[in-house]
Amino acid sequence: KKEKERKKERERRGEGEGRIGDEEAEKIEKMAQTKSGEKDRANASQEPPKQSVLKKMLVRTVVGTLMLGFFYFMIATRPFEIIPCFVLAVQIVGFNEVVTIRHSARKERDLILFRTQCWYWALVFLFSLYGVGAARSIQRLIPDIFSEEDLEFFLHYHLWITFSLGISAFIGFIMTLRKGLYKYQFTQLSWTLLSIVMSIGNLYIVIANLKSGLFWFVLPSSLIICNDIMAYFCGIALGKKLISRPFIQLSPNKTWEGFIGAFFCTLGFAWMFSGFLGQFPLMHCPEETLRYGATSCEVPSFFVPKFYKFPDFANKVMVGLGYEERDFIKLIPAQIHSLILSIFASLIAPFGGFFASGMKRAFGVKDFGAYFPGHGGVFDRMDCQWIMHIAVYAHVITFVLPRHSGFPSVLGAVFSLPEARQRELLDILQNKFSQ
């Protein structure tokens, strides 16, 4: 009985303390609201938001200028050697950023070499893409250590080595499955493979475009840079002044004014910049022609000026503005291609950035990394580039390169052969034409 009485007494005191606590909580809340109102008024008088916007703009401008400087440094020095190495570095760092945002340390502590397996899958994929080119480069640099016979042996077994490495990664994953973590492990494997496709597979298209000519690397990369910069500044200057509704819910800071303003700015930039690039022979030639000693090549047809019929509606506009009618106009076909690509860069490529924004919001992170102040990580800068270069590859193959034009590829394959094979091929051709 005494125990029950003590329990009731404790409960009664607890309720009384609760009532006193509620009253005190109300007083504390009112005091906090008063202090918050005073703080807001003080902040309003100081106007810090404008300072933060200016500081952010300054940081983005300085870092962006440095990135542009490095971009054009690669082009001006040895582009066909530096750019592939740069793309490889971007693929590795980008994969690390994407695969890490879904990292769960608590669960992975119980798994054997799970993070190592993720990187092993990535290295297998990199070996399949770069193994042949790396072996040929090593043979040219150190022929005494890595002979032509060694190169031929490696090229013959490269596919089988890649397959064996992939099978070992597959078996290793199965052997490390742990009870209670099956769903997590298979989800992480799917995320790892998606990260490989997004960061390594898609960016390898850049190398394919580079082989068609430096123009098809410089132009699309510059279009994305221009569109990104102009969307930012147009959004800062005119954002939500004409259309208050956000452009897309994934990125509330994206405005219709920035999107539309960047579209027209990118069109004008594409027209002028493509004409400027057409003046340099380095932009014309495919990689296979320049890599092996040639300093020039035959100018491709899309860089040769042509006469096009002037549209009737354009003549009517010119007459209305007081100008004379024109029958023909002289244009470089590359400028027309650049306009088409600029439309894609302005209207479609930004959705690569929105896709990346959705990923970041899904996992509660602001940026993929912090390598570039004001810009985020490497993949934050490449989120629009990968979809743009895929479009360029499809456009060049379909509309630019003539059908059955395999001579540059054949020439590159011949120069990549060992010297003994090249001499053997030369003898065969001489015998053929001497008959």
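Everything that follows concerns the structure shown earlier in this document.
All residue numbers refer to position in the chain's written sequence, counted from 1. In keeping with the predicted nature of the model, local features appear solely for residues at pLDDT of at least 70, side-chain atom pairs appear and are counted solely at 80 or more, and the whole-chain, interface and lining totals rest on all residues. Excluded from the side-chain calculations are hydrogens and water; all other atoms, namely the structure's heavy atoms, are used.

### Quick word on helix H5 (residues 114-141)
In plain terms, the rule: A residue's bend is the angle separating two fitted axes: one through the seven residues that end there, the other through the seven that start there. For helices the rule is a DSSP run of H or I covering at least 4 residues; for strands it is a run of E covering at least 2, with both sets numbered from the N terminus onward. Note on classification: 1.4 Å probe, protein chains only; a residue is buried when its accessible area is under 20% of the maximum for its type, exposed when over 50%, partly exposed between these limits.
Maximum bend of H5: about 55°, positioned at Tyr-130. Here H5 has its buried residues at Phe-114, Gln-117, Cys-118, Trp-121, Ala-122, Val-124, Leu-126, Tyr-130, Gly-131, Ala-135 and Gln-139.

### Description of the packing of aromatic side chains
The condition that has to hold: Aromatic rings from Phe, Tyr and Trp, taking only the six-membered ring of Trp, are treated as a pair when their centres fall within 6.5 Å; an angle between ring planes under 30 degrees marks them as stacked, one over 60 as edge-to-face, and anything in between as tilted.
Tallying each qualifying case throughout the model produces 26 aromatic pairs. Seen from their ring centres, Phe-247 and Trp-256 are 4.7 Å apart, and the 75° between their planes marks the pair as edge-to-face. The exposure class assigned to Phe-247 is buried, which follows from its relative accessible area of 15%. Within the aromatic cluster, the residues linked to one another by ring pairs are Phe-247, Trp-256, Phe-259, Phe-351 and Phe-354.

### Focus: empty space enclosed by the protein
Our working rule: Cavity: a set of points on a 1 Å grid over the protein atoms alone where a 1.4 Å probe fits but cannot get out. Pocket: an open set with protein on both sides within 12 Å along at least five of seven lines, its lining residues, like those of a cavity, having an atom within 4 Å of a point. Grid points are joined across faces, edges and corners, and a volume is the space filled by probe spheres set on the points. Under this grouping Gly is polar, as are all residues other than the nonpolar Ala, Val, Leu, Ile, Met, Phe, Trp, Tyr, Cys and Pro and the charged Asp, Glu, Lys and Arg.
Going through the model one piece at a time under the given rule, you end up with one cavity of 30 Å³ or more. Volume-wise, the largest cavity comes out at about 40 Å³. Going through the elements one at a time, H5 and helix H7 (182-201) are the ones with two or more residues in the lining of the largest cavity. Looking at the lining of the largest cavity residue by residue, the class counts come to five nonpolar, three polar and no charged.

### Here's the deal with a nonpolar patch on the surface
As a reminder, the rule being used: Residues enter patches when their relative accessible area tops 30% and they take part in no salt bridge; the joining distance is 9 Å for like charges and 5 Å for the nonpolar side chains Val, Leu, Ile, Met, Phe, Trp and Tyr. The accessible surface values rely on the Shrake-Rupley method and a 1.4 Å probe; as for residues, cover is taken only from the protein chains in view. Any Lys or Arg side-chain nitrogen located within 4 Å of an Asp or Glu carboxyl oxygen qualifies as a salt bridge.
Among the surface-exposed residues, Phe-153, Tyr-157, Trp-160, Phe-163, Ile-167, Phe-170, Ile-171, Ile-174 and Met-175 lie close enough to one another that they form a single nonpolar patch of about 990 Å² accessible area. Here Tyr-157 is to be found in helix H6 (residues 148-175). Overall, the relative accessible area of 37% leaves Tyr-157 in the partly exposed class.

### Considerations on the side chain of Gln-185
How we decide: Between N or O atoms, a polar contact is any pair within 3.5 Å; within protein, one atom must be a potential hydrogen donor and the other a potential acceptor, and residues adjacent in sequence are included only when both atoms are from side chains. Should any heavy atoms of two residues lie within 4.5 Å, those residues are considered in contact.
Within the secondary structure layout, Gln-185 lies in helix H7. Classification of Gln-185 by relative accessible area gives buried; the value is 0%. A distance of 2.8 Å separates a polar atom in the side chain of Gln-185 from the backbone nitrogen of Arg-178. With residues near it in sequence (within four places) discarded, Gln-185 still touches Leu-111, Phe-114, Phe-173, Thr-176, Leu-177 and Arg-178.

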